[in-house]
Amino acid sequence: GLKKKEVHVLCLGLDNSGKTTIINKLKPSNAQTQDIVPTIGFNIEKFKTASLSFTVFDMSGQGRYRNLWEHYYKEGKAIIFVIDSSDKLRMVVAKEELETLLNHPDIKHRRMPILFFANKMDVRDALSAVKVSQLMLLETIKDKPWHICASDGLKGEGLQEGVDWLQDQIQ
Ligand code: GTP
Ligand code: MG
């Protein structure tokens with residue numbers, strides 16, 4: 001068959017936001033794992049959509065590993081940024097990490113689509129995607145296409161909508 005176009009994507013966000021859980025759910029069911037542990041450093045994962053073959057750098061969000069992120073910025077054509085909608089206390093930390101990311105020389109002047117997942121929407125008292133985008137100041141991102149979806153990484157809800165958007169941005 002036709003070979004799908006390959007795209008490298010960075011999956012970023014604070015520890016415990018659900019990055020690995022989401023990427024796992026995007027893989028074919030026979031390739032999914034049952035036990036997800038906090039990522040050490042990063043993992044490279046692959047999944048496919050109708051027209052693209054994604055290679056994802058699933059980075060650890062732990063503070064001590066966040067300095068690894070920037071070494072992969074040049075590699076990425078797009079970003080998936082995961083936010084824990086139920087973690088109101090650390091939303092400001094997520095916002096600061098996003099700000100640092102957007103100001104990085106390897107990111108700043110590039111047209112990189114950014115897909116945000118407002119994850120853990122199933123948690124009681126989780127913030128809505130609209131509220132998350134307000135607290136994260138997403139409206140201030142003017143030079144990059146971005147999109148936010150509420151998601152439940154455990155059930156896989158909201159993921160398809162997000163990945164469809166990302167695919168459209170990359171064609
Ligand atoms: P690091 O690798 O440490 O950066 O974390 P991560 O962002 O990869 O998070 P991970 O996927 O390991 O998930 C952290 C925890 O959140 C796990 O216990 C997951 O089961 C849980 N989790 C992930 N997504 C959801 C969700 O949508 N809802 C709920 N309730 N829990 C979730
Ligand atoms: Mg992880």
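The paragraphs below set out a description of the structure included in this document. Being a predicted model, the structure only gives us computed values, none of them experimental.

1. Describing the site of ligand 1
Reasoning step 1: Surrounding ligand 1, one finds 20 residues, the nearest of these being K19, T21, G61, D122 and G153.
Reasoning step 2: Separating an oxygen atom of ligand 1 from a backbone N or O atom of S17 is a distance of 3.3 Å.
Reasoning step 3: Between ligand 1 and the protein, one listed contact pairs an oxygen atom with a backbone N or O atom of G61 at 2.7 Å.
Reasoning step 4: Protein coverage of the free-state accessible area of ligand 1, which is 660 Å², stands at 83%.
Reasoning step 5: In terms of residue count, the dominant contributor to the shell around ligand 1 is helix α1 (residues 19–26) (three residues).

2. Side note on the environment of S51
Reasoning step 1: Looking at the element boundaries, S51 is found in the loop between β2 (42–48) and β3 (52–59).
Reasoning step 2: Owing to a relative accessible area of 27%, S51 belongs among the partly exposed residues under this scheme.
Reasoning step 3: Distance in space between the C-alpha atoms of S51 and S133 is 29 Å, their sequence separation being 82 residues.
Reasoning step 4: The residues contacting S51, other than those within four sequence positions of it, are K4, K5, Q167 and Q171.
Reasoning step 5: A polar atom in the side chain of S51 sits 3.2 Å from the side chain of Q167.

3. Describing the side chain of K144
Reasoning step 1: The residue K144 is located in the loop between α4 (129–135) and β6 (146–150) in this model.
Reasoning step 2: The class for K144 is buried, based on a relative accessible area of 5%.
Reasoning step 3: Within the structure, the side chain of K144 is placed 3.3 Å from the backbone oxygen of R110, a separation counted as a polar contact.
Reasoning step 4: Residues within four places of K144 in sequence aside, it is in contact with L102, I107, K108, R110, M112 and I114.

4. A few points about the pattern of salt bridges
Reasoning step 1: Tallied over the full model, the rule gives ten salt bridges.
Reasoning step 2: A salt bridge links D15 to R90, with the nearest nitrogen and oxygen atoms 3.0 Å apart. Of this pair, D15 sits in the loop between β1 (5–12) and α1 while R90 sits in the loop between β4 (78–84) and α2 (91–102), placing them 75 residues apart in sequence.
Reasoning step 3: The exposure class assigned to R90 is partly exposed, which follows from its relative accessible area of 26%.
Reasoning step 4: Between R90 and D87 there is a salt bridge, and its shortest N-O distance comes to 2.9 Å.
Reasoning step 5: When salt bridges with common partners are traced through the structure, they connect D15, R66, D87, R90 and E97 into a single cluster.

What counts and what doesn't
- Residues numbered from 1 in each chain as written.
- Chains lettered and ligands numbered in written order.
- Predicted model: local features only at pLDDT ≥ 70, side-chain atom pairs only at ≥ 80, totals over all residues.
- Heavy atoms only, no water.
- Near = heavy atom within 4 Å.
- Polar contact = N/O pair within 3.5 Å; in protein donor to acceptor, adjacent residues only side chain to side chain.
- Areas by Shrake-Rupley, 256 points an atom, 1.4 Å probe, with all protein chains shown as cover.
- Helix = DSSP H or I, 4+ residues; strand = E, 2+ residues; numbered from the N terminus.
- Buried < 20%, exposed > 50% of the residue type's maximum accessible area, 1.4 Å probe, protein only.
- Contact = heavy atoms within 4.5 Å.
- Salt bridge = Lys/Arg side-chain N within 4 Å of Asp/Glu carboxyl O.

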